[in-house]
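# Understanding the architecture of this molecule
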Amino acid sequence: MKGRNKYRSEKQNVHLLEQALSLKERLFSLLALKRGARRLRKWLIIALIAAPLIWGIKLAVDYAIEKAYSMSIENVSYVSRHGLISRSQVMEILGIKHAINMATLDVSGMQATLSAHPCIANATIRAEMPETLHIEIDERIPVVYVEMENGAETGNRTRLFMDPRGVLFPVVEDYHRNFLNVPTWYLQPEDIRELKAGATITDKKSRPIKELIAASNAYTLVEIPAICEIFCPKEWKMVVTLDNGTEVIMQAYEIKEQLERLAMILEHSRVTHKPIRSVNVIPKINPAVIYADTPATAPDEKEKKNDDK
């Protein structure tokens, strides 16, 4: 008996024996019923463990979707590097007037819209689930107005701002109300191919202007009155008009040293109560000064010599 049943413990042989039985005998086999019960118990345990997990995931997803669809525009974190453009103005640029939701939010499109704005140098937009939108912008800072010197002749009276990188952008009073009194630089036709927003003036052309503005900001308006106009009739020469009407002739390099001489000349003018009509600060010794009470036809030999150089 022991020898006859020695193979019954092996699963493969058991299955072979069961396959030899009829369907009815296999269906009501005690061994098959036990095996089915074990399998059923196994899947019931798995289902009991998985059901709460699946339910929790479903609740989390439903909550996130509900939060995304209910996100209000008030949930926007906004940072402006220079404080020129307000949060509401940025929303206006983006065309957002009502509540927005995270589900339909086009972050990359919004960032492209801001970055393409001529008054904005850089923009970053980042969505943080479930209900926060982060917006950061870096506005262009006006250094000077730019305008064509021959605008009256050609009819091109376009007036734009220039930023420290030489990029031109439009004047928007709502953004630039603190920069409306910056000087005006009158361009020559060779300075720029086309005067339009987005165009760039080369560093070689714009560097003397930027250095002049930066150096003049180190003085008070009493020491050196505000600069109103800047002309560059020659590549090496600048003619600057101050707020008090004084005309200053300069060269396009050694600007700090020339402004030091100008400050001393203007101080002497205030002490002696002799207003200056024109001054040439290019010479390091004995700069040429024309006072307001000097006849307008008086020759200025030193200025002529400098123009001939």
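Everything here concerns the structure above.
The sections below set out a description of the structure shown in this document. Because the structure is predicted, anything quoted here is derived from the model rather than measured. (Residues numbered from 1 in each chain as written. Predicted model: local features only at pLDDT ≥ 70, side-chain atom pairs only at ≥ 80, totals over all residues. Heavy atoms only, no water.)

### Digging into a positive patch on the surface
A cluster of basic residues, Arg38, Arg39, Arg41 and Lys42, forms a positive patch on the protein surface. Here Arg39 lies in helix α3 (residues 30-69). Judged by its relative accessible area of 54%, Arg39 is exposed. (Patch = residues over 30% accessible without salt bridge, like charges linked within 9 Å, V, L, I, M, F, W, Y side chains within 5 Å. Areas by Shrake-Rupley, 256 points an atom, 1.4 Å probe, with all protein chains shown as cover. Salt bridge = Lys/Arg side-chain N within 4 Å of Asp/Glu carboxyl O. Lys, Arg positive; Asp, Glu negative; His and termini not counted. Charge placed at Lys NZ, Arg CZ, Asp CG, Glu CD. Helix = DSSP H or I, 4+ residues; strand = E, 2+ residues; numbered from the N terminus. Buried < 20%, exposed > 50% of the residue type's maximum accessible area, 1.4 Å probe, protein only.)

### A short note on the environment of Asn75
Here Asn75 is to be found in the loop between α3 and β1 (76-80). Given the relative accessible area of 28%, Asn75 is considered partly exposed. Remark: the alpha-carbon pair of Asn75 and Leu133, spanning 58 residues in sequence, is separated by 6.5 Å. If sequence neighbours within four positions are ignored, Asn75 has contacts with Glu131, Thr132 and Leu133. (Contact = heavy atoms within 4.5 Å.)

### A few points about the pattern of salt bridges
The full count for this structure, using the stated rule, is 10 salt bridges. In this structure, Asp163 and Arg140 form a salt bridge, with 3.0 Å as the shortest nitrogen-oxygen distance. Of the two residues, Asp163 sits in the loop between β5 (160-162) and β6 (168-169) while Arg140 sits in the loop between β3 (132-139) and β4 (144-148), which places them 23 residues apart along the sequence. Among the residues examined, Asp163 registers a relative accessible area of 4% and is labelled buried. The class for Arg140 is buried, based on a relative accessible area of 16%. With its nearest N and O atoms 2.3 Å apart, the salt bridge here joins Arg207 to Asp203. Here Arg207 pairs with Asp203, and both are found in helix α8 (residues 203-216), just four residues apart, close to one helical turn.

### Re the packing of α8 against helix α9 (residues 255-272)
Where α8 contacts α9, the two axes come as close as 9 Å, and the packing angle between them is 45°. Regarding the angle of α8 to α9, the classification is oblique. Relative to α9, the crossing made by α8 is right-handed. On α9, the residues that touch Pro208, Glu211, Leu212, Ala215 and Ser216 of α8 are Ile255, Lys256 and Leu259. Along the lines of polarity and charge, the residues of the contact of α8 with α9 split into five nonpolar, one polar and two charged. (Axes fitted to C-alpha atoms, helices over the stretch in contact; angles between N-to-C directions. Parallel < 35°, antiparallel > 145°, perpendicular 65-115°, else oblique. Left-handed = near helix turned anticlockwise from the far one by under 90°. Nonpolar A, V, L, I, M, F, W, Y, C, P; charged D, E, K, R; others polar.)

### Some thoughts on helix α4 (residues 87-94)
Within α4, burial applies to Gln89, Val90, Met91, Ile93 and Leu94. The inward-facing, buried residues of α4 abut β1, α5 (107-115), β2 (120-128), β3 and α7 (173-176). Two residues or fewer past α4, Gly95 is found with a positive phi of approximately 75°.

### Points about the nonpolar core
Ranked by internal contacts, the top residues of the largest apolar core, which has 36 residues, are Val146, Leu168, Trp185, Leu212, Met250 and Leu262. Ranked by residue count, the leading element in this core is α9, at six residues. By size, the runner-up hydrophobic cluster in this structure holds 25 residues, among which are Val76, Val90, Leu114 and Cys119. (Core = buried A, V, L, I, M, F, W, Y, C linked by side-chain atoms within 4.5 Å.)

### A look at the environment of Arg87
With respect to the element layout, Arg87 can be found in helix α4. With relative accessibility at 27%, the residue Arg87 sits in the partly exposed group. Linking Arg87 and Val76, residues 11 residues apart in sequence, is a C-alpha distance of 9.0 Å.

### Quick notes on the sheet that holds β4
Pairing within the open sheet is mixed, and its nine strands lie in the order β6-β5-β4-β7-β8-β9-β10-β11-β12. With partners counted over all chains shown, the strands left at the sheet margins are β6 and β12 (288-291), one partner each. Strand direction decides the pairing type here: strand β8 (residues 227-234) and strand β9 (residues 237-242), joined by five bridges, are antiparallel. From the neighbouring strand, Glu229 faces β9, where its bridge partner is Thr241. Contacting β4, β5, β7 (184-187), β8, β9 and β10 (247-251), α8 runs over the sheet at an angle of about 150° to β8. Contacting β9, β10, β11 (276-280) and β12, α9 runs over the sheet at an angle of about 155° to β10. (Pairing = 2+ DSSP bridges.)

### Quick word on the packing of α4 against α5
Following both chains from N to C, one finds α4 and α5 inclined at 105°, their axes separated by 9 Å at the closest point. Regarding the angle of α4 to α5, the classification is roughly perpendicular. Contact residues: Val90, Ile93 and Leu94 in α4; Met110, Thr113 and Leu114 in α5. Residue classes in the contact of α4 with α5 are distributed as five nonpolar, one polar and no charged.

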